[in-house]
Amino acid sequence: MHNSIEIDEKIFQDAVRFYGAIFNIPPLASKIYAYLLFDHERVGITFDEFVEVLSASKSSVSTSLSLLLNAELIVDHNKMDERKRYFFLNDEYKKIRFEKIVQKMQDELKLLDDLNNFKKNQDDEYNERIEAYKALLNKNIINIQESLNKL
């Protein structure tokens, strides 16, 4: 097995499980993503290396790479004077991921406001809990946005 990068098998397996669950991706896509985590020098990993290192068929690797590219989890580049594509983790993904989380929280806040405006009876205890929940959402939106500005 020819690796251009050194991996730790236990960390690799932990990463495969973790990112498979977090991103809800199939096992091979998760292995590709986890393998790229070890590309600390950012040399990039070729299609052929994934096929060889992960002992997977070309069609399976191709399908998994397409899925990861479409999900914006990875990016690909061609190096000068080479036909080969090199794959890398998408550095922007952390930012994209949290922007999506913020958007979902904002959507939920709007939905809660719409429901509240539609509601005929006013239940004070229920309203108190909803207001506390909305405050929690707003606090997290602000916190995440401030942190995103630092990324």
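Residues numbered from 1 in each chain as written. Predicted model: local features only at pLDDT ≥ 70, side-chain atom pairs only at ≥ 80, totals over all residues. Heavy atoms only, no water.

Further remarks concern the environment of Arg-85. Mapped onto the fold, Arg-85 is located in strand β3 (residues 85–89). Taking C-alpha positions, Arg-85 is 18 Å from Ala-71, a pair spaced 14 residues apart along the chain. Setting aside anything within four residues of it in sequence, one finds Arg-85 in contact with Ile-45, Thr-46, Phe-47, Leu-69, Asp-76, His-77 and Asn-78. Reaching out from Arg-85, the side chain makes a polar contact with the side chain of Asp-76 at a distance of 2.6 Å. (Helix = DSSP H or I, 4+ residues; strand = E, 2+ residues; numbered from the N terminus. Contact = heavy atoms within 4.5 Å. Polar contact = N/O pair within 3.5 Å; in protein donor to acceptor, adjacent residues only side chain to side chain.)

Where charged atoms of side chains with opposite charge meet at close range, the side chains can pair. In this structure the tally under the stated criterion is eight salt bridges. Taking the shortest distance from any N to any O, the salt bridge between Arg-42 and Asp-91 comes out at 3.7 Å. One end of the pair, Arg-42, is in the loop between α2 (27–37) and β1 (45–46); the other, Asp-91, is in the loop between β3 and α5 (93–118), with 49 residues separating them in the sequence. For Arg-42, a relative accessible area of 37% gives the class partly exposed. We classify Asp-91 as exposed; its relative accessible area is 53%. Close ionic contact of Lys-134 with Asp-113 constitutes a salt bridge, the shortest N to O distance being 2.5 Å. Taken together, the positions of Lys-134 in helix α6 (residues 124–150) and Asp-113 in helix α5 put the pair 21 residues apart, joining distant regions of the chain. (Salt bridge = Lys/Arg side-chain N within 4 Å of Asp/Glu carboxyl O. Buried < 20%, exposed > 50% of the residue type's maximum accessible area, 1.4 Å probe, protein only.)

Per the counting criterion, the structure on display carries seven aromatic pairs. Between Phe-23 and Tyr-33, the ring centres sit 5.2 Å apart and the planes meet at 80 degrees, which makes this aromatic pair edge-to-face. Of this pair, Phe-23 sits in helix α1 (residues 9–23) while Tyr-33 sits in helix α2, and the two are ten residues apart along the sequence. Across the pair, Tyr-33 and Phe-23 agree in class, each one buried. Relative to Phe-87, the ring of Phe-50 lies with its centre 6.1 Å away and its plane at 55 degrees, an arrangement referred to as tilted. Of this pair, Phe-50 sits in helix α3 (residues 47–53) while Phe-87 sits in strand β3, placing them 37 residues apart in sequence. Look at Phe-50 and you get buried, because its relative accessible area is 0%. (Phe/Tyr/Trp six-rings, centres within 6.5 Å; stacked < 30°, edge-to-face > 60°.)

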